[in-house]
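# Examination of the molecular architecture
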Amino acid sequence: MNTDIKQAMHVEAGKSFGTAEANENERRWNDDKIDRKNQDPTNHYDKTRMKLNFEIGSDGKVHPLGYQEKSLEVRLQERLTELGWKPFKPDSKIQPNCCAKFVFGGNHDRTLEMAFGAQTVNLDKDADNSHLQRCPEIEQWAKDVYDWCSRRFGKENIIGSQVHLDESSPHIHALIVPVGQRSKSGRECVMWSAKFGKNRYEYGQMLRDMHTSLYEEVGIRYGLERGDSIDGRNVKHLNKRDYIRQLTKEAKQAEKAIKGLQTMIRQLELKIFNYNTQLKDVENELLSGRITLEKYESRKTDILKLISEYQMKLDDKARKLQVKEHELDQMTKDIDRVGRVAQPFRNHKIDFEPPRITSKPPLFGTDKWLKEQNSSIASQFVKIVDQIEELYRKDAERQVRTVQNNALVDYREFKWFQQEYVRLTNLNENQTEQMQTFLDQLAEPSVREHIFTIADALIGGQPVSVSSGGGGGNSNSDLRWDGRRPDEEEEAYRRRCLMFAICTVKMLSKGNRFRKRV
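All figures in this text were calculated on a predicted structure; none of them were measured in a lab.

## Notes on the overall build of the chain
A count of helical and extended segments in the chain gives 12 helices and 10 strands. Each of the 518 residues in the chain was classed as buried or not, and the buried ones make up 34%. For the chain, the exposed area adds up to about 33,100 Å²; of that, 52% sits on carbon and sulfur atoms.

## With respect to helix 4 (residues 108-116)
Counting buried residues along helix 4, seven of its nine residues qualify, which places the element largely inside the surrounding structure. All of the buried residues in helix 4 are His108, Arg110, Thr111, Leu112, Met114, Ala115 and Phe116. On the buried face of helix 4, the contacting elements are strand 4 (99-106) and helix 5 (136-153). Where helix 4 begins, the side chain of Asn107 points an oxygen toward the backbone nitrogen of Asp109, at a separation of 3.2 Å.

## Some points on the nonpolar core
Nonpolar side chains tend to gather and get buried jointly when the protein is soluble and globular. Counting 37 residues, the largest nonpolar core has Phe102, Phe104, Trp141, Trp148 and Phe196 as the members making the most contacts within it. With eight residues, the top contributor of residues to this core is helix 5. Dropping the residues within four chain positions of it, Trp148 is found in contact with Met9, Phe104, Phe153, Met210, Ser213, Leu214, Glu217 and Val218. Residues Ala251, Tyr296, Leu321 and Leu328 belong to the second largest nonpolar core, which totals 20 residues.

## Examining the pairing of strand 4
Within strand 4, seven of the eight residues are buried, which leaves the element mostly enclosed by the surrounding structure. The pairing of strand 1 (residues 7-14) with strand 4 spans eight bridges and is classified as antiparallel. Opposite Ala13, over in strand 4, you have Ala100 as the bridge partner. Sheet topology note: the strand 4/strand 6 (residues 171-176) ladder contains five bridges and is antiparallel. Residue Val103 lies in a different strand from strand 6, and its bridge partner there is His173.

## Some points on helix 1 (residues 19-26)
Working note: α-helix, 3.6 residues per turn, so residues spaced by three or four point in the same direction. Residues Ala22, Asn25 and Glu26 constitute the buried set of helix 1. Projection of helix 1 onto a plane perpendicular to its axis shows the buried side chains occupying an angular sector of 85°, all on one side. On its buried face, helix 1 sits against strand 2 (54-56), helix 3 (72-82), strand 5 (158-164) and strand 6. Following helix 1 by one or two positions, Arg27 has its phi on the positive side, about 55°.

## So, the pattern of salt bridges
All told, the structure shown has 19 salt bridges when counted by the stated rule. With a closest N to O distance of 2.5 Å, Asp209 and Arg152 form a salt bridge. Taken together, the residues Asp209 in helix 7 (residues 200-217) and Arg152 in helix 5 connect sequence positions 57 residues apart. Overall, Asp209 belongs to the partly exposed group, its relative accessible area being 40%. Each member of the salt-bridge network shares a partner with another, and the members are Glu26, Arg28 and Arg75.

Scoring rules and cut-offs
- Residues numbered from 1 in each chain as written.
- Predicted model: local features only at pLDDT ≥ 70, side-chain atom pairs only at ≥ 80, totals over all residues.
- Heavy atoms only, no water.
- Helix = DSSP H or I, 4+ residues; strand = E, 2+ residues; numbered from the N terminus.
- Buried < 20%, exposed > 50% of the residue type's maximum accessible area, 1.4 Å probe, protein only.
- Areas by Shrake-Rupley, 256 points an atom, 1.4 Å probe, with all protein chains shown as cover.
- Contact = heavy atoms within 4.5 Å.
- Polar contact = N/O pair within 3.5 Å; in protein donor to acceptor, adjacent residues only side chain to side chain.
- Core = buried A, V, L, I, M, F, W, Y, C linked by side-chain atoms within 4.5 Å.
- Pairing = 2+ DSSP bridges.
- Arc of directions from axis to C-beta.
- Salt bridge = Lys/Arg side-chain N within 4 Å of Asp/Glu carboxyl O.

Below is the structure:
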C-alpha cells in the first residue's frame, strides 16, 4: 500500500462557536459572500460543486447541506443548555472548552476518487464543474465516520456533521460536545477532560488512540492508512499559514512584474509598428521621386536596424513574460496544494540490507563464532536505528523551530491587533464627539446658514471672507483653501468643503465664547 495514502484527523478545542463558523460549515452564503471569500488567495470555494455538499443527520442518513431549520450554533446552545453548561463570567480571561471541532480528511487524490470516481475535476478557480456527480463511496465514508463519532462521543452529542466537496480536498466538519459524568452526583455534564484528558500528556495519548481507532474502524475500509499524530497543536497547520502568506506575497510581486513586462511589450510593439509605417512612407517617397535611391537605401538601412533592435528587445521581454507567467501559475498551484490536508511528519525511506550471518559455523569453537556473528548483527542493527533516529530527530527539530517562529508571529500579530484596537477605539470616540458637535451646530439656524454659505462658496471656488474679533474691533480675512484636488471625486470634494466649513464656524464660535467670558 502507498504510505502516502493516509487518513487525517484534526481536532480543535472550542470555547465558543459563532454564527460565522456555523454559516461556513452549513454554507449559508449567497453568491456575493462566496465571491468575497474567494478574493482571499488561500480560499477556493467552487460554486458549481456546492450542490454536491451534504451532511449526515441524526438519523444517520444523507441530507442536503443546511437542511435543518435551526442553525448549527443554535443547536449547540440548546444541547449545552440541556447539560446545564454555564460558562465563566464574560470578562474572565479563562473560559472552559464547550465543544470539539473535528476535521476528517485524507490523501488528496484518494478523497477526490472517493467523491467523484473517474470523473475529471478542474481545481482551477472559477472552473465549471457542474457536470460532476457525487459517488456513493464518499457518502458511505461520511456515514462510517459519523458512526465512529457516535460510538465514541454519543449520537446526542454530535451537533453537526457536514461534508464539503466544493473545496480542494473533500473533508468532513464535525461539531461535538464532550460529555462526562461527575464523580459524586453521576450527572452528565460538559467535560472536556472526560474525552480529551486532563493534561497535554493524556491528550496526546487519547489523540493517538483516536487515530488508531479511526484507522481500524473506518480508514482501512477505504485504503487509508493510519494518520500521524502529534501532541498539542497541529504544527503543519501553523507552518501552512506562514507558507501561504509568503507565497501570496511572492505571487503579488510576480503579478506586478507581469504587468510591467506586458506594458513594455506593448510599447515595443508600438515602436516597431511606427518604424514599419516609416519604412512604407520612405518607399512611397522613392516611388513618387521625392527622394533618390541612395537616400532611400540609407534611410531604409537605419529603419531596419532600429526594427531589428526593438524586435530583439521584444523577444527578450516575451521570454521573460513567459517565465514569470509560469512562475505565477506554479505559485498559484502551490497555494492551492498547501491548502489541502498535509501530514506533519515525512515518511523517510532508508535503503539498507537486513543483518545476516555471513559465514558457515566451524566444527570447533562454535560459541566464539556465535558471539562474533551476534556482535556483527547487533552493530548493523544499531547503525540502521541510528540512521532512522537521526532523520526523525531532524524532522522534530524542524517542527519545534516552526512552532517557535509561529508563536513569535502570533504574539507580534496579537500585540499589533491590541494597538490597532486602542487606536481605532480612540478614533471612534473622537469622531463620535466631533459628530455630536457638528449636529449641535447644525441645530442652530443662524450657524447652519453660516456653514452652508461658506461651503457653497468653497465648492464654487469663490473667495470667502470670514470675520474674527481681534483687539478692539472686527477685522476681515480671506479663508485659505487649497481647492479641488486633481484626483478628487465631486461628491468627496463637496463633503470636504462642508466639513471644512463646519470646522471654520466651530473655531469662530469658540473665539466668540472666549471673548464673551473675558
